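Now for the letters of each chain:
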Amino acid sequence: MFWSQLYVPTLRETPAEAEVVSHQLLLRAGYVRQLAAGIYSYLPLAQRSLLKIQQIIREEMDAIGGQEMLLPALNPAEVWKESGRWDVMGDNMFRLKDRFGRELCLGMTHEEVMTSLARGEVRSYKQLPQIWYQIQTKFRDEPRPKSGLLRVRQFLMKDSYSFDLLPAGLDVSYEKHRVAYNKIFERCGLKFIAVEAHSGAMGGSQSHEFMVESNAGEDLVVVCESAGYGANLEKAVSRPLAPATADDETPLEPEEFPTPNQKTIAELVAFTGVAATGLIKSVVYVGDEKPYLCLLRGDHQLSETKFSSATGAVEVRPAHPAEIQDWFGAAPGSLGPVGVKNMPILADLTLEGRHNLITGANKDDFHLRNVTPGEDFTATFHDLRQVAEGDTHLETGAPLKIVKTVEIGHIFKLGYKYSESMGLKVSDQDGKEVTVIMGSYGIGVERILCAAIELFHDENGMSMPASIAPFQVVITPASYLDPAVKAAGEQLYKECKALGLDALLDDRDERPGMKFKDAELIGIPYRITIGKKLPNGIVEVQTRRGRTSADVAISEAAAHVAQLIRG
RNA sequence: CGGGGCGUGGCUCAGCCUGGUAGAGCGCCUGGUUCGGGUCCAGGAGGCCGGAGGUUCGAAUCCUCUCGCCCCGACCA
């Protein structure tokens, strides 16, 4: 490709609306333009990069026996009603009606359509297992699109679905995907981690997320490198910090004391002089419209996900202040478990075996001291708390890190959720009908591009991995007016193409400085500069990442770059 | 949906408070100049100031409504 024939509208200044680096650079480097909130047009550079990402995904999916299909993005309501997700998806689903008033939606994922397809086709266990996939546009009416291409309303997803006769088969399909995903993200040049995840509204038993560490990310992940542990914060477990001071274990009766206007844990710590670890935090949550009192150590936070698992509740929310007043006769800030009879009390495991703690008295502006779980109130103990900074690995005690990440892939063991509700069955060896077991597996295509930019950039622009850069090498004749330099550039371009390199020749009549700036901004991993040393048969090969360069004989230059790309 | 910010040429922004002929830099076009890190000089094109309504002799500027975008929160298979 000749640069003069490529539409690359680079911007000298960063557009005002862009906050995160990948968004700023995608705009500045002329990769994308915004049409509306969370809706983007992909210009030639982005499209080239995205096609390369998709090709890598295809190759690795095909390698595990995946079969590419393309399902409709426009879906009838019926299949979504069958699975129950027509209602579950709520406002996140784009809905429309056809001219006859029939309800339709734009697909936000394709479990329903895939299951519907499979139940019409697959009859026998002999046809299993199957792995079906597509790379397709998904639509989600995000409440708040943000961060450029990281959270959008229309995006490309590789989604695949496995169909197996038996759970052991699902394990195999899941493992195949896990391996394939590792290969895909490695080939895309990313640094990533695979972590245990919560399955959320997808349903199912086991799931892993593939995450790239980035400040632009929205997901918090707990990792322990030495123990090889990684989990989404909502799912992670840890060994907590020990209480700041040992409990006084003498048997004492609860004792009320005034705490005027002391509502938060921080205020109580300052007021009483007792460390947060000596307090019981009381949080009232509503699960499926039933109230629960949740108790945590003062320095801990409730994990809604764990609350949901402990209670089995699907719909979870904090109680409203008015409800709390009703149930406790006191306002939040003075709540506690002693004497509570009208709802289940769930206590975090860290409170088991503790003595003489401080908690609310269920009377405004009063707290109780000398409250001992198991003696002064009874509760069931569960893991309810979110992992906190400073916690250590549950088994090894090694330090844990909490990092911000971008999710680029997610794999789920769905189990029978969709096959059951939608009636996907096959005959087994004995001629009996058996419900098929499924998995589903997604990759956010644009997020790979964003993650690569977030991971690899400097003050001069992007520094794309060679495998997914829009071009692998740019040939930059310092002056296109010098006939010898021009001829050498065109010759070198041909040599690069002959070696199979995806090359770009900067044939523009621009000053060298401008060409260098542009090439670095758009992130081409290698640049061959033809200039001053051409009379000696020498050109310069620059590596974008780190901006190191080497003089190379012009006859060797193409091969040299090919060598660098192969690693 | 709650809170905050911003809409003025393609981009970055000034002008608004205190109403009176719409500005700068970059980019774009023409000519010249220069040619290894976003050259320099001269000339030029391009904006009904997001939209609607109101106040006023007169509105980018004041008032009301509305639309859009960004950020924080809620939310997030």
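Trainee: An account of empty space enclosed by the protein is needed here, citing residue identities and associated values.
Mentor: Here the structure, examined in full by the defined rule, presents 1 cavity of 30 Å³ or more. By volume, the largest cavity is sized at about 40 Å³. Lining of the largest cavity is provided by Val-474, Ala-519, Glu-520, Ile-524, Tyr-526, Arg-527, Gln-542 and Arg-544. Those elements that provide at least two residues to the lining of the largest cavity are helix 13 (512–522) and strand 29 (526–530). Of the residues belonging to the lining of the largest cavity, the class tally is 4 nonpolar, 1 polar and 3 charged.

Trainee: Outline the pairing of strand 2 (residues 39–42), listing residues and values.
Mentor: Across 4 bridges, the pairing between strand 1 (residues 32–36) and strand 2 is antiparallel. Within strand 2, the residue paired with Arg-33 across the bridge is Ser-41. Where strand 1 hands over to strand 2, the hairpin turn is made up of 2 residues, of which Gly-38 adopts a positive phi near 70 degrees.

Trainee: Now, about the layout of surface pockets: what can you tell me, with residues and values included?
Mentor: Each pocket or cavity is described by its volume, and for the second largest pocket that value is around 380 Å³. Mapped by element, the contributors of at least two residues to the lining of the second largest pocket are helix 7 (265–272), strand 14 (280–287), helix 9 (321–328) and strand 18 (357–360). It is strand 14 that provides the largest number of residues to the lining of the second largest pocket, a total of 6 residues. Residues belonging to the lining of the second largest pocket are distributed by class as follows: 15 nonpolar, 8 polar and 2 charged.

Trainee: Describe the nonpolar core, with residues and values.
Mentor: Formed by 65 residues in total, the largest nonpolar core has its most connected members in Tyr-31, Phe-185 and Leu-190. Summarising the domain contributions, this core has at least three residues from each of domain 1 (16–72 + 107–235 + 403–453) and domain 3 (471–566). Discounting chain neighbours no more than four positions away, the residues touching Tyr-31 are Leu-26, Ser-41, Tyr-42, Leu-43, Leu-45, Ala-46, Leu-449, Met-462, Met-464, Pro-470 and Ile-522. Counting residues in each nonpolar core, the second largest holds 26 residues, with Cys-105, Met-114, Met-422 and Leu-424 among its members.

Trainee: Can you tell me about the packing of helix 1 (residues 21–28) against helix 11 (residues 445–455), naming the residues and giving the values?
Mentor: Relative to each other, helix 1 and helix 11 sit at 100 degrees, their axes nearing to 8 Å. Overall, the two elements helix 1 and helix 11 adopt an arrangement that is roughly perpendicular. Between helix 1 and helix 11, the residues in contact are Val-21, Ser-22, Leu-25 and Leu-26 and Leu-449, Cys-450, Ile-453 and Glu-454, respectively. Across the contact of helix 1 with helix 11, the residue classes tally to 6 nonpolar, 1 polar and 1 charged.

Trainee: Lay out the sheet that holds strand 18 with the relevant residues and their values.
Mentor: Strand order in the open sheet formed by 3 strands is 13-19-18, and the pairing between neighbours is antiparallel. Of all strands in the sheet, those with a lone pairing partner are strand 13 (255–258) and strand 18, marking the two edges. Taken over all neighbouring pairs, the strand axes of this sheet differ in orientation by 35 degrees on average, direction set aside. Examined bridge by bridge, strand 18 and strand 19 (residues 366–371) share 3 bridges and lie antiparallel to one another. For Gly-360, the partnering residue across the bridge sits in strand 19 and is His-367.

Trainee: Can you lay out the side chain of His-355 for me, pointing to particular residues and giving the numbers?
Mentor: Within the secondary structure, His-355 is located in the loop between strand 17 (345–348) and strand 18. For His-355, a relative accessible area of 19% gives the class buried. Excluding anything up to four places from it in sequence, His-355 contacts Asp-247, Asp-248, Glu-249, Val-371 and Thr-372.

Trainee: Lay out the pairing of strand 21 (residues 401–415) in plain terms, naming residues and giving numbers.
Mentor: Extensive coverage of strand 21 is indicated by the burial of 12 of its 15 residues. With 5 bridges connecting them, strand 11 (residues 219–224) and strand 21 associate as antiparallel partners. Counted as the bridge partner of Asp-219 is Thr-405 from strand 21. Here 6 bridges tie strand 21 to strand 24 (residues 437–444), and the two strands are oriented antiparallel to one another. What sits directly across from Lys-413, in strand 24, is Gly-439.

Trainee: Please provide a residue-by-residue account of the side chain of Asp-428, values included.
Mentor: Counting through the fold element by element, Asp-428 comes out in the loop between strand 22 (425–427) and strand 23 (433–435). For Asp-428, the side chain forms a polar contact with the main-chain nitrogen of Asp-430, separated by 2.9 Å. Here Asp-428 is in contact with Tyr-125 and Val-434, once residues within four sequence places are set aside.

Trainee: Go over the pattern of salt bridges with me, naming the residues and quoting the values.
Mentor: All chains considered together, the criterion is met by 33 salt bridges. For Asp-383, the salt bridge goes to Lys-306, with nearest N and O atoms at 3.1 Å. Taken together, the positions of Asp-383 in the loop between strand 20 (380–382) and strand 21 and Lys-306 in helix 8 (residues 304–311) put the pair 77 residues apart, joining distant regions of the chain. One salt bridge connects Asp-518 with Arg-508, and the closest N-O pair in it is separated by 3.0 Å. Within this pair, whereas Asp-518 is found in helix 13, its partner Arg-508 is found in the loop between strand 28 (503–505) and helix 13, the two being separated by 10 residues in sequence. As far as the burial class goes, Asp-518 and Arg-508 line up, both buried. Through salt bridges with shared partners, a single network forms among Glu-142, Lys-146, Arg-151 and Glu-218.

Criteria and cut-off values
Residues numbered from 1 in each chain as written. Chains lettered and ligands numbered in written order. Predicted model: local features only at pLDDT ≥ 70, side-chain atom pairs only at ≥ 80, totals over all residues. Heavy atoms only, no water. 1 Å grid on protein atoms, 1.4 Å probe; cavity = no way out; pocket = protein on both sides within 12 Å on 5 of 7 lines; lining within 4 Å. Points joined across faces, edges and corners; volume = space filled by probe spheres on them. Helix = DSSP H or I, 4+ residues; strand = E, 2+ residues; numbered from the N terminus. Nonpolar A, V, L, I, M, F, W, Y, C, P; charged D, E, K, R; others polar. Pairing = 2+ DSSP bridges. Core = buried A, V, L, I, M, F, W, Y, C linked by side-chain atoms within 4.5 Å. Buried < 20%, exposed > 50% of the residue type's maximum accessible area, 1.4 Å probe, protein only. Domains from an automatic or database assignment. Contact = heavy atoms within 4.5 Å. Axes fitted to C-alpha atoms, helices over the stretch in contact; angles between N-to-C directions. Parallel < 35°, antiparallel > 145°, perpendicular 65-115°, else oblique. Polar contact = N/O pair within 3.5 Å; in protein donor to acceptor, adjacent residues only side chain to side chain. Salt bridge = Lys/Arg side-chain N within 4 Å of Asp/Glu carboxyl O.

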